[in-house]
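Per-entry structural report
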Amino acid sequence: MRWKNVYPFAAACLLFALTFWLYLTRVMWLGFPDGFIAELDAAEAVLITWFNWFSIALGIWFVILGIRSFRNEIGRWSLYSCLLFVSIVLISLAIDRYFRSFMMDSAGG
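Residues numbered from 1 in each chain as written. Predicted model: local features only at pLDDT ≥ 70, side-chain atom pairs only at ≥ 80, totals over all residues. Heavy atoms only, no water.

This next bit is on the nonpolar core. Counting 11 residues, the largest nonpolar core consists of A11, A12, L15, L22, I48, F51, L58, F62, L65, I74 and F85. Setting aside residues up to four positions removed in sequence, I74 forms contacts with P8, L65, R68 and S69. (Core = buried A, V, L, I, M, F, W, Y, C linked by side-chain atoms within 4.5 Å. Buried < 20%, exposed > 50% of the residue type's maximum accessible area, 1.4 Å probe, protein only. Contact = heavy atoms within 4.5 Å.)

Now the structure itself:
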């Protein structure tokens, strides 16, 4: 087995781990026990949920690329997929920064 065959599987594992970590730290413990959820938390929950679904789809794509790597050259597809993921991360961070600038959080004051 060549090392180029391992990279898509490693990327898929990293994406699945990132999705699981974001769900556990940001979505699962969202809100207060009495049901209150701040405006910022509600907006970030939707953003993180969409990001997680995109990460799961891209992780499945990387698994497919890993399987195809045994027969075909996938270097260009892998590069484009990584660039797509980086661009989606940057867009998500920009949207989150916008949310944090204009929405109220539950920090009190």
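A few words on the side chain of T19. Secondary-structure assignment places T19 in helix α1 (residues 6–27). Its relative accessible area of 8% is what places T19 among the buried residues. Once residues lying within four places of it in the same chain are set aside, the contact partners of T19 are N52, S55 and I56. (Helix = DSSP H or I, 4+ residues; strand = E, 2+ residues; numbered from the N terminus.)

Two elements in contact, helix α2 (residues 39–68) and helix α3 (residues 75–102), have axes whose closest approach is 11 Å; the angle formed by their N-to-C orientations is 175 degrees. The orientation of α2 with respect to α3, classified from their angle, is roughly antiparallel. Of the residues contributing to the contact of α2 with α3, the split by class is 17 nonpolar, four polar and three charged. (Axes fitted to C-alpha atoms, helices over the stretch in contact; angles between N-to-C directions. Parallel < 35°, antiparallel > 145°, perpendicular 65-115°, else oblique. Nonpolar A, V, L, I, M, F, W, Y, C, P; charged D, E, K, R; others polar.)

All right, on to the packing of aromatic side chains then. Tallied over the full model, the rule gives five aromatic pairs. When the centroid spacing of 6.0 Å and the interplanar angle of 70 degrees are considered together, the rings of W61 and W77 count as edge-to-face. Linking W61 in helix α2 with W77 in helix α3, this pair joins segments that are 16 residues apart in sequence. Taking the relative accessible area as the measure of exposure, W77 reaches 47% and is therefore partly exposed. Members of the aromatic cluster, connected to one another through ring pairs, are Y98, F99 and F102. (Phe/Tyr/Trp six-rings, centres within 6.5 Å; stacked < 30°, edge-to-face > 60°.)

What follows covers the packing of α1 against α2. Between α1 and α2, the shortest axis-to-axis distance is 8 Å and the interhelical angle comes to 165 degrees. The angle between α1 and α2 places the two elements in the roughly antiparallel class. Classified by chirality, the crossing of α2 by α1 is left-handed. A breakdown of the residues in the contact of α1 with α2 according to their chemical character gives 19 nonpolar, six polar and one charged. (Left-handed = near helix turned anticlockwise from the far one by under 90°.)

In this section: the environment of W53. Assignment of secondary structure puts W53 in helix α2. Owing to a relative accessible area of 58%, W53 belongs among the exposed residues under this scheme. For the pair formed by W53 and R76, sequence separation is 23 residues and the distance between their alpha carbons is 24 Å.

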